[in-house]
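Observations on the three-dimensional arrangement
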Amino acid sequence: MILTLGLFLAACGGGDDTDETNTGDNGDSGTETDSGDSGSEGDSAEAEFESDTWRFITEEVEGQVQYVYAEEFAKRISDKTNGAITVEPYEYGGLGSETDQVAALQDGAVEMAVMSPGFTGNMVMEGQIFALHFLFPESVEKTQEILNTSEAINTDLRAQYENHGITPLAFWTEGAMAWSSNIGLEEPSDFEGFQMRVQDSPLMMESYKAYGAEPQALSWGELYTALDRGTVEGQENPVFFIYDASFYEVQDTVTISNHNNYVAMTTVNTDWYNGLDPKVQALIDETVEEMQSWVYEEQDRQNSEFLEQMKNDTEHPTEVIELTEEQRSAFKELALPVRDYYKENVSTVDGAILDKLVGEIEAAME
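Reference entry: report on the structure contained in this document.

1. Observations regarding the environment of proline 215
- Of note, proline 215 is situated in strand E6 (residues 214-217).
- It is 4.5 Å that separates the C-alpha atoms of proline 215 and methionine 196, two residues lying 19 residues apart in sequence.
- Aside from chain neighbours lying at most four places away, what touches proline 215 is Met196, Val198, Met205, Tyr208 and Lys209.

Structure (structure tokens):
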């Protein structure tokens, strides 16, 4: 379906679009186009690139990691083309739900998107691999290194998405996952009969069924109200998102479980991207690659700062629980058999991508 841009663009919890760009802690605004003397640099860049506008949708709202990523990407593209190419970031909500946004990218209603593989799990079955608990290292930094270099992800999984008209140009972490609840989730028995909100991913549901939970698929735009009313009892997200989306207002505890990472993809419409002039493709590829280190620092900053705010919030005090290694091991023991479920019931390539990725992770940890 092709959806109309500009409809009710105010997202849940988000403000109006502004022209300001969040450049993060490092203040890096991108690399300048190398076009000779500084006096002619701007004119040369403008002449090199034809005027164009690209629409860039995200699953988050202004100030959150995906949205500031899109803002920073837009600024760098503008700088490198001397304003010839404009990238317009869009908050979550302007194109409906997360699955609506996937359809908009496929149909060419937008050119670019940051999306979570979890919301494409019923389309690209292999993309559910990121729902497997305790697959990646506990270190978020090491996880990002693997996402940057993995052939299983950046070649094999990318090809799976391209079969559906979507090209992932990069995969990156928004931080380690945490659980929020009103009971304090510390051991598998706490999940018995627990109504856990998940993305629309069969494997994500299976991962929580392994703990005894009763998972329910729900768009995040409905999540605050569902938590407040008790329709669902808990959810998982990075700390920055839990706090910035105000889930802490209706959840008493946050468990730092680090059972997984929230992985996002920088994606483009495949036909649009393949039809670009090679120098424009190279511009996009270069900028996406630059953004990998930038977004790692940005998510780290946001997760660290919001965790401190959460701990020090006196109006809505939140108990922060950090699992011990022994507690994590109890969850990991139940999570490992889900890999067999993935191979037998989800994978369309007999688990080949998972097997290669596990080998890459093991090699990275040596």
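2. Describing the side chain of asparagine 303
- With respect to the helices, strands and loops of the structure, asparagine 303 is situated in helix H10 (residues 278-312).
- Contact partners of asparagine 303, with chain neighbours within four places excluded, come to Glu174, Gly175, Pro238, Val239 and Phe240.

3. Let's talk about unusual backbone geometry
- Phi is positive for asparagine 258, close to 50°, though the residue is something other than glycine.
- Looking at where asparagine 258 falls in the secondary structure, it is placed in the loop between strand E8 (253-256) and strand E9 (261-269).
- If you check the backbone angles, aspartate 350 has positive phi at about 55° while not being a glycine.
- Residue placement: aspartate 350 occurs in the loop between helix H12 (338-346) and helix H13 (352-364).

4. Focus: the environment of tyrosine 262
- As for its placement among the helices and strands, tyrosine 262 is situated in strand E9.
- At a separation of 3.5 Å, a polar atom in the side chain of tyrosine 262 contacts the side chain of glutamate 59.

5. Focus: the pattern of salt bridges
- Within the structure shown, the criterion is met by 16 salt bridges.
- Measuring nitrogen to oxygen at the nearest pair gives 3.2 Å for the salt bridge that ties arginine 76 to glutamate 290. Taken as a pair, arginine 76 in helix H2 (residues 65-80) and glutamate 290 in helix H10 lie far apart in primary sequence, 214 residues in all.
- Classification of glutamate 290 by relative accessible area gives buried; the value is 16%.
- Lysine 142 serves as the salt-bridge partner of glutamate 145, at 3.2 Å between the closest nitrogen and oxygen. Taken together, the residues glutamate 145 and lysine 142, both in helix H4 (residues 140-149) and 3 residues apart, mark about one turn of the helix.
- Overall, glutamate 145 belongs to the partly exposed group, its relative accessible area being 38%.
- Members of the salt-bridge network, linked through shared partners, are Glu72, Arg76, Lys80, Glu286 and Glu290.

6. Some details on empty space enclosed by the protein
- In this structure the tally under the stated criterion is 2 cavities of 30 Å³ or more.
- Taken as a whole, the largest cavity spans an internal volume of roughly 130 Å³.
- Considering the residues around the largest cavity, the lining is formed by 17 residues, among which Ser116, Phe130, Ala131, Gln199 and Met204 are closest to the centre.
- Contributions of two or more residues to the lining of the largest cavity are made by helix H6 (202-209) and E9.
- Among the elements that make up the lining of the largest cavity, the one with the highest residue count is E9 (3 residues).
- In terms of residue class, the lining of the largest cavity is made up of 8 nonpolar, 8 polar and 1 charged.
- Space inside the second largest cavity adds up to approximately 90 Å³.
- Among the residues forming the lining of the second largest cavity, the class breakdown is 4 nonpolar, 2 polar and 4 charged.

7. Some points on the packing of aromatic side chains
- Throughout the structure, instances matching the rule amount to 21 aromatic pairs.
- When the ring of phenylalanine 56 is compared with that of tyrosine 69, the centres are 6.4 Å apart and the planes differ by 85°; the resulting orientation is edge-to-face. On the criterion of sequence distance, the pair formed by phenylalanine 56 in strand E1 (residues 52-57) and tyrosine 69 in helix H2 is long-range, its members being 13 residues apart. We note that phenylalanine 56, like tyrosine 69, is buried.
- When the ring of phenylalanine 191 is compared with that of phenylalanine 331, the centres are 6.0 Å apart and the planes differ by 90°; the resulting orientation is edge-to-face. Here phenylalanine 191 is found in the loop between strand E4 (166-181) and strand E5 (195-198), whereas its partner phenylalanine 331 is found in helix H11 (residues 325-335), with 140 residues between them in sequence. As far as the burial class goes, phenylalanine 191 and phenylalanine 331 line up, both buried.

Conventions used here
- Residues numbered from 1 in each chain as written.
- Predicted model: local features only at pLDDT ≥ 70, side-chain atom pairs only at ≥ 80, totals over all residues.
- Heavy atoms only, no water.
- Helix = DSSP H or I, 4+ residues; strand = E, 2+ residues; numbered from the N terminus.
- Contact = heavy atoms within 4.5 Å.
- Polar contact = N/O pair within 3.5 Å; in protein donor to acceptor, adjacent residues only side chain to side chain.
- Salt bridge = Lys/Arg side-chain N within 4 Å of Asp/Glu carboxyl O.
- Buried < 20%, exposed > 50% of the residue type's maximum accessible area, 1.4 Å probe, protein only.
- 1 Å grid on protein atoms, 1.4 Å probe; cavity = no way out; pocket = protein on both sides within 12 Å on 5 of 7 lines; lining within 4 Å.
- Points joined across faces, edges and corners; volume = space filled by probe spheres on them.
- Nonpolar A, V, L, I, M, F, W, Y, C, P; charged D, E, K, R; others polar.
- Phe/Tyr/Trp six-rings, centres within 6.5 Å; stacked < 30°, edge-to-face > 60°.

Geometric descriptors of this kind do not, in isolation, establish any biological role.
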